[in-house]
Amino acid sequence: MSHRPQGLGEEAGGGARGRSRSGSPGTGDRSGRRPSRKPAPKAEGVTGRCGGPAGQEWAKGSPRPDSPQRKQVEHKRHREELGKQKRSTARRTREGRKKKNGKASLKEQRASPKKEKEVPKKEMWKQLKKRRSPSLASSASAGESLSEEELARILEQVEEKKKLITHMRNKPWPMAKKLTELREAQEFVEKYEGALGKGKGKRLYAYRMLMTKKWIKFKRDFDNFKTQCIPWEMKIKDIESHFGSSVASYFIFLRWMYGVNLVLFGLIFGLVIIPEVLMGMPYGSIPRKTVPRAEEERAMDFSVLWDFEGYIKYSALFYGYYNDQRTIGWLRYRLPMAYFMVGVSVFGYSLMIVIRSMASNTQGGTSEGEGDNFTFSFKMFTSWDYLIGNSETADNKYVSITTSFKESIVDEQESNKEENIHLTRFLRVLANFLIICCLCGSGYLIYFVVKRSQEFSKMQNVSWYERNEVEIVMSLLGMFCPPLFETIAALENYHPRIGLKWQLGRIFALFLGNLYTFLLALMDDVHLKLSNEEKIKNITHWTLFNYYNSSGWNESVPRPPLHPADVPRGSCWETAVGIEFVRLTVSDMLVTYITILVGDFLRACFVRFMNYCWCWDLEAGFPSYAEFDISGNVLGLIFNQGMIWMGSFYAPGLVGINVLRLLTSMYFQCWAVMSSNVPHERVFKASRSNNFYMGLLLLVLFLSLLPVAYTIMSLPPSFDCGPFSGKNRMYDVIQETVENDFPTFLGKIFAFIANPGLIIPAILLMFLAIYYLNSVSKTLSRANAQLRKKIQALREVEKSHKSVKGRATARDSEDTAKGSSKNATKAGTMPHSASQSQTLGKKAQGPGTSSSASGTMLPASSHLPISRPAGIRPDPGHAGPQTHPGRSASRKSAQRPPH
Amino acid sequence: MGNKQTVFTHEQLEEYQDCTFFTRKEIMRLFYRYQDLAPQLVPLDYTSCPDVKVPYELIGTMPELKDNPFRLRIAQVFSEDGDGHMTLNNFLDMFSVMSEMAPRDLKAYYAFKIYDFNNDDYICMWDLEQTVTKLTRGELSAEEVSLVCEKVLDEADGDHDGRLSLEDFQNMILRAPDFLSTFHIRI
């Protein structure tokens, strides 16, 4: 029984092969035509044919034991028919007759034991050949070569079918057709897969097929799983369908940022904070981990904590908490080294990920600059966003499309007029002047405020406003300047998309100016603290010295060490910087949320509910609902990230805070957008400006790298806090590790590498490499452009040809038909050239594309019956299974010679 | 085995997955969407492939389509008889073509059919006018419409026969930067 299915499968394989070889009877013309054209394979075709129906039944899942009998019947019928054909065909050679003999013997053999079928097919074929060879000495070689060729052809067909299966979804067919085609193809492949395996390799082949199937299934499941794992996908889709892709792009950006921050958080939390908390010295054991005596009473007050002073200041969130012990815990974890390397790798990872996503974004958009020729066509056929599923958005889209059409029409009509060029230029210059004034003013304001805050910090009891003046002023500037810019930008009369870029650039400059002023002021502060440090250091030493050497203590008992809270300590500028950044981040977050609550939500509530009892229409009139401010939000996000990058070295906990911030703002803003915003009046696409955002992010990353690198490389760390205390510079930690932990020769290598004599050539080399790559990419892009031109030229040539060709198609097809009939006659006379004629036939049908194929077929079928007696018809028993509608259609395509 | 979904057989689902760009889950979701359109019409058992059509009046009310000016055309193109009434197969077809995964060529082919209002395999002047009118809700004057149509023909008509063939259309649409992002419906 274990043999049975295999044998049946082989039969099926053989049957199907025979059918395909004899030119499937599904289409009458060919099945009629082919046998006469190449009689040689017919001999095997018969055995195959008998297998045909059985195979089909087997495929249907009902293996019938009595199939051989039926097969024989069919077999006979077939041969009778064939014999008739042979007799009736005038050009019959002796070889053909010989073949008939061979076939007769074959039949006898087939009628005898069924076991024959269970012999592995390859062997059977060999036997057949052997048996035939004495009588058919001349044609045997032809038959053999043909069988090989047939195999190859079937293999090709199976491959084609498989390709069809994988590309089924790309076919522009209705589903019903696709389904039947798919079933057809799957059946076909299933049948032939067994046949294609050769001898021992067959099982392996089947196994491989099984594995590929499993693999595909696994991949599918994995994809399913992956799409499920993308967070907030539904929320963003929801927003996208309501507000268009531009608003959604902000949320996608936010999500991306969240992912990046999670990685950074994992890095810092896992490699710095957790080891220090678990393995470092506990809180209160050394001065840097203890709240000083003077602050102790208020250290737990909320107002103090809210300013990140008190206990929070002396916690693992900030730089000052970390000890300068070289190794900690039983792992002998080198914390200072880890701290430094994590600080570096935060920047390294961020740079890498930003550049990578920029590169992957640009890969998609290669077809820029081609759109100039098709403004109207693109507007007509691609301007409607099929994603829109909200009537308001749809209304806006209608309006914006109409206006854009009108704009284009106006552009088209008045493209060469350029009337008010001077006025426009003047206005633009004026606008830029005003905006530069604003930027300078805001920069000065911040500088002034920061200076003042330094004075405040020296004074005692300052009010809340005076303490938070910097943050308040910066937030206010960030809130009011962008609308001001927008108002001024109205003067310029730019196209909105260009206008948006200008607006983004200006707000960016504002934020950047503010940030850098803030940084400079901070730097002043740091320098002040550094200059005081020496004094404090002396005081500390003096206090300790006095404490241990003062008289009035029993000399026999060793003095207990001074309580860490009582040790005088320096100001620890690193922690101060970290605190500044954390404060800025938190206040920024709060301002954003409050703006959303007041500016969007309360406004929406007011407009919605007061509209019933108000003099004018609030919804359509003045306050109306707020739009979602994409540029402001994106820039806010970018600058916030810059703050994180700058601050994370001095406040390792900052990234954690930021992760929380992004998480909450994801939910909060999603809710706010859906509840209280209206879609933009001009729904514009942000797909292209995504890289613009990324470019800004990269710039901010670079700019935030500068101050951190500066402080690391050129400022001495505080003497009594942080992991680098006691060292001259922070990067000395690397040198220390190299000297102490690595073998000496490695140290030498490092020293050698750090030699300027090596670094300068390396930099030169890098420049050269950049130059080289740049020139290569230029030549490549030039070649690309040329190729594109060529393709276009070719296309045009093709087009002109096609119009000529289209007229000649009918004539062509008739020619093909005649050619094929000629081939048939030739093949009848000399069977040795059967393969040639076959290829000829292929060529003849080759040019017939899917559209003209039907055209070629029709004349052929009408042509053939004339050249051949009507008796030669595909046998009815065979036509039976093919009456299945889908099947015949697919067979037609299966039969089409592989291109 | 606790397999609770009995709408389709396993094989049917596999086939649908081969024929569309959807995962099993999405197919089930689409089916429920389809079923929701006409709960009394569509059976909850598709293992025997019942011949059910949901009329266009219901298809057109889907939130994904109801604001689309071309919804009638979309439904007509994907329905079997061109009347907009859809079977589940047509429905799946439609959203498969409109899905994000569908390749440009396929989308372009169907976009052409959608914009070919009179089904003559060419986008002629009349089709273009229909498109513009639908896009702008008739806000443009007649001269403007004809100007726009002329410009479009001028730009995209490669063989200057006064109408856009599928080839012209593909040639043009394959260069459109926004085509892929706009010609899809999320569901």
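Residues numbered from 1 in each chain as written. Chains lettered and ligands numbered in written order. Predicted model: local features only at pLDDT ≥ 70, side-chain atom pairs only at ≥ 80, totals over all residues. Heavy atoms only, no water.

- Going by an unreviewed UniProt entry, chain B carries the name Calcium and integrin-binding protein 1 and comes from Myotis myotis.

- In the annotation of an unreviewed UniProt entry, chain A is listed under the name Transmembrane channel-like protein and assigned to Myotis myotis.
- Recorded in UniProt for chain A, the comment headed Sequence similarities (unreviewed entry) runs: "Belongs to the TMC family." (UniProt positions renumbered as here; feature names shortened; annotations may be inferred.)

### Notes on the overall build of chain A
Item 1. What chain A contains, in helices and strands, is 31 helices and 2 strands.
Item 2. Expressed as a percentage of its 899 residues, the buried residues of chain A come to 45%.
Item 3. Restricting to contacts in chain A with at least 6 residues of sequence separation, those with at least 24 account for 77%.
Item 4. Carbon together with sulfur atoms contributes 64% to the accessible area of chain A, which is approximately 47,000 Å² in total. (Helix = DSSP H or I, 4+ residues; strand = E, 2+ residues; numbered from the N terminus. Buried < 20%, exposed > 50% of the residue type's maximum accessible area, 1.4 Å probe, protein only. Contact = heavy atoms within 4.5 Å. Areas by Shrake-Rupley, 256 points an atom, 1.4 Å probe, with all protein chains shown as cover.)

### A look at the overall build of chain B
Item 1. The helix and strand inventory of chain B stands at 10 helices and 0 strands.
Item 2. Reading the secondary structure of chain B in the N-to-C direction produces α-α-α-α-α-α-α-α-α-α.
Item 3. In chain B, buried positions account for 54% of the 187 residues.
Item 4. In chain B, 55% of the contacts between residues at least 6 apart in sequence involve partners at least 24 apart.

### With respect to the environment of Glu14 of chain B
Item 1. Turning to its location among the elements, Glu14 of chain B is positioned in helix H1 (residues 10-19).
Item 2. It is 7.9 Å that separates the C-alpha atoms of Glu14 of chain B and Arg24 of chain B, two residues lying 10 residues apart in sequence.
Item 3. Once residues within four sequence positions are removed from consideration, Glu14 of chain B is found in contact with Arg220 of chain A together with Arg24 of chain B.

### Considering the environment of Leu654 of chain A
Residue and element names in this part refer to chain A.
Item 1. Following the sequence through the fold, Leu654 ends up in helix H23 (residues 654-676).
Item 2. Residues Leu654 and Leu317, 337 residues apart in the sequence, show an inter-C-alpha distance of 7.2 Å.
Item 3. With residues near it in sequence (within four places) discarded, Leu654 still touches Phe581, Val582, Thr585, Met643, Ile644, Gly647 and Ser648.

### Topic: the UniProt feature "transmembrane region" (unreviewed entry) in chain A
All names here are of chain A.
Item 1. Taken from the UniProt record, the annotation "transmembrane region" (unreviewed entry) applies to residues 256-279, 338-359, 429-450, 503-522, 692-713 and 749-773.
Item 2. A helix fraction of 100% and a strand fraction of 0% characterise residues 256-279, whose end C-alpha atoms lie 33 Å from each other.
Item 3. In the segment residues 338-359, helix accounts for 100% and strand for 0%; the C-alpha atoms at its two ends are 30 Å apart.

### Quick look at helix H19 (residues 469-489) of chain A
Item 1. Here H19 of chain A is 21 residues long and its end C-alpha atoms lie 29 Å apart, about the 30 Å a rise of 1.5 Å per residue gives.
Item 2. The principal kink in H19 of chain A, of about 25°, is found at Cys481 of chain A, preceding the proline Pro482 of chain A by one to four residues. (Expected span 1.5 Å × (residues − 1). Bend = angle between axes of the 7 residues up to and from the residue.)

### Focus on the state of the cysteines
Residues and elements named next belong to chain A.
Item 1. One pass over the structure, following the stated rule, counts 1 disulfide over all chains.
Item 2. Between the sulfur atoms of Cys572 and its disulfide partner Cys721 the distance amounts to 1.8 Å. Because the torsion about its S-S bond is 100°, the bridge between Cys572 and Cys721 counts as right-handed. Linking Cys572 in the loop between helix H20 (496-549) and helix H21 (573-610) with Cys721 in the loop between helix H24 (690-714) and helix H25 (732-741), this pair joins segments that are 149 residues apart in sequence. For the pair shown, Cys572 and Cys721 are each scored as buried.
Item 3. In this structure Cys440 is a free cysteine whose sulfur lies 6.6 Å from that of Cys437, the closest cysteine sulfur available. (Disulfide = S-S within 2.5 Å.)

### A closer look at the interface of chain B and chain A
Item 1. If you look at the interface, chain B gives 66 residues, while chain A gives 59 residues.
Item 2. Of the roughly 5,900 Å² buried where chain B meets chain A, counting both sides, 58% is carbon and sulfur surface.
Item 3. Our enumeration of links across chain B and chain A arrives at 0 salt bridges.
Item 4. There are 2 residue pairs in polar contact (both at pLDDT 80 or more) connecting chain B and chain A.
Item 5. The set of elements that each furnish at least two residues to the side of chain B that touches chain A consists of H1, helix H2 (24-37), helix H5 (88-97), helix H6 (104-115), helix H7 (125-136), helix H8 (142-156), helix H9 (166-173) and helix H10 (179-182) of chain B.
Item 6. When residues in the side of chain B that touches chain A are grouped by element, the largest group, 7 residues, is from H8 of chain B. (Buried area = accessible area lost by both parts, 1.4 Å probe. Salt bridge = Lys/Arg side-chain N within 4 Å of Asp/Glu carboxyl O. Polar contact = N/O pair within 3.5 Å; in protein donor to acceptor, adjacent residues only side chain to side chain.)

### Side note on the nonpolar core
Item 1. Counting residues in each nonpolar core, the largest one holds 103 residues, and the members touching the most others are Phe251, Phe253, Phe581 and Leu635 of chain A.
Item 2. Per-element tally for this core: the top contributor is helix H11 (residues 233-279) of chain A, with 16 residues.
Item 3. Those residues within four positions of Phe253 of chain A in sequence are excluded, and the remaining contacts are Val634, Leu637, Ile638, Tyr693, Met694 and Leu697 of chain A.
Item 4. With 87 residues, the next largest nonpolar core counts Tyr386 of chain A together with Ala111, Tyr115 and Leu153 of chain B among its residues. (Core = buried A, V, L, I, M, F, W, Y, C linked by side-chain atoms within 4.5 Å.)

### Overview of the UniProt feature "domain: EF-hand" (unreviewed entry) in chain B
Item 1. Here the UniProt feature "domain: EF-hand" (unreviewed entry) sits at residues 144-179 of chain B.
Item 2. Along residues 144-179 of chain B one finds 61% helix and 0% strand; the C-alpha atoms at either end are 24 Å apart.

### A short note on the packing of aromatic side chains
Residue and element names in this part refer to chain A.
Item 1. Going through the model one piece at a time under the given rule, you end up with 49 aromatic pairs over all chains.
Item 2. Here the aromatic rings of Trp384 and Tyr398 are separated by 5.0 Å at their centres, their planes lie at 40°, and the arrangement is tilted. Residue Trp384 is found in the loop between helix H15 (375-382) and helix H16 (391-413), and its partner Tyr398 is found in helix H16; the two are separated by 14 residues along the sequence. Per residue, the accessibility class of Trp384 equals that of Tyr398, and both read buried.
Item 3. Look at Phe742 and Phe750: their rings are 6.2 Å apart centre to centre, the planes differ by 20°, and that puts the pair in the stacked class.
Item 4. You can call Phe742 partly exposed: its relative accessible area is 35%.
Item 5. Linked through ring pairs, Tyr319, Tyr321, Tyr322, Tyr339, Phe340, Trp573, Phe649, Tyr650 and Phe724 together constitute an aromatic cluster.
Item 6. Positioned above the aromatic ring of Tyr321 is the side chain of Lys289, whose terminal nitrogen or guanidinium carbon lies 4.6 Å from the ring centre. (Phe/Tyr/Trp six-rings, centres within 6.5 Å; stacked < 30°, edge-to-face > 60°. Lys NZ or Arg CZ within 6 Å of the ring centre and 35° of its normal.)

### Focus: a nonpolar patch on the surface
Residue and element names in this part refer to chain A.
Item 1. A cluster of nonpolar side chains, namely Phe302, Trp306, Leu590, Ile594, Leu597, Val598, Leu602 and Trp671, defines an oily patch on the protein surface of about 790 Å² accessible area.
Item 2. The topology assignment puts Val598 in helix H21.
Item 3. Of the residues examined, Val598 reaches a relative accessible area of 48% and is grouped as partly exposed. (Patch = residues over 30% accessible without salt bridge, like charges linked within 9 Å, V, L, I, M, F, W, Y side chains within 5 Å.)

### Considerations on the pattern of salt bridges
All names here are of chain A.
Item 1. Enumeration according to the criterion identifies 18 salt bridges over all chains in this entry.
Item 2. Ionic pairing is found between Glu469 and Arg452, a salt bridge with its closest N-O pair at 2.1 Å. You can see Glu469 sitting in helix H19 and its partner Arg452 sitting in helix H17 (residues 421-458), a full 17 residues away along the chain.
Item 3. Overall, the relative accessible area of 29% leaves Arg452 in the partly exposed class.
Item 4. A salt bridge links Lys727 to Glu736, with the shortest nitrogen-to-oxygen separation between them at 3.7 Å.
Item 5. When its relative accessible area of 22% is taken as the criterion, Glu736 is described as partly exposed.
Item 6. Several salt bridges share partner residues, and in doing so they unite Arg326, Arg334, Lys727, Glu736 and Asp741 into one network.

### Observations regarding H6 of chain B
Item 1. The end-to-end C-alpha separation of H6 of chain B is 16 Å, in line with the 16 Å expected for 12 residues at 1.5 Å each.
Item 2. Those residues of H6 of chain B hidden inside the fold are in contact with H15 of chain A together with helix H4 (71-78), H5, H7, H9 and H10 of chain B.

### A short note on the side chain of Thr711 of chain A
Residues and elements named next belong to chain A.
Item 1. Along the polypeptide, Thr711 turns up in helix H24.
Item 2. Thr711 sits in the buried class, given a relative accessible area of 5%.
Item 3. Here Thr711 is in contact with Met523, Trp573 and Tyr650, once residues within four sequence places are set aside.

### Quick notes on the packing of H19 of chain A against H21 of chain A
Residue and element names in this part refer to chain A.
Item 1. At a minimum axis distance of 10 Å, the contact between H19 and H21 shows a crossing angle of 45°. By the criterion of interaxial angle, the relationship of H19 to H21 is oblique. Crossing geometry of H19 relative to H21 is assigned as right-handed. Between H19 and H21, the contacting residues are Glu471, Met474, Ser475 and Met479 on the first element and Glu580, Arg583, Leu584, Ser587, Val591 and Thr595 on the second.
Item 2. When the residues that make up the contact of H19 with H21 are grouped by side-chain class, the tally is 4 nonpolar, 3 polar and 3 charged. (Axes fitted to C-alpha atoms, helices over the stretch in contact; angles between N-to-C directions. Parallel < 35°, antiparallel > 145°, perpendicular 65-115°, else oblique. Left-handed = near helix turned anticlockwise from the far one by under 90°. Nonpolar A, V, L, I, M, F, W, Y, C, P; charged D, E, K, R; others polar.)

### What about the packing of H4 of chain B against H6 of chain B?
Residues and elements named next belong to chain B.
Item 1. Running from N to C, H4 and H6 cross one another at 115°; their axes reach a closest spacing of 9 Å. Like other packed secondary-structure pairs, H4 and H6 cross with a definite hand, here right-handed. Counting all contacts with H4, which are made through Arg73, Ile74, Val77 and Phe78, the residues of H6 involved are Tyr110, Lys113 and Ile114.
Item 2. For the contact of H4 with H6, a count of residues per class yields 5 nonpolar, no polar and 2 charged.

### Describing unusual backbone geometry
All names here are of chain A.
Item 1. At Trp232, a residue that is not glycine, the phi angle is positive and equals roughly 60°.
Item 2. Despite not being glycine, Phe308 shows a phi value in the positive range, around 60°.
Item 3. Relative to the assigned elements, Phe308 resides in the loop between helix H12 (302-306) and helix H13 (310-313).

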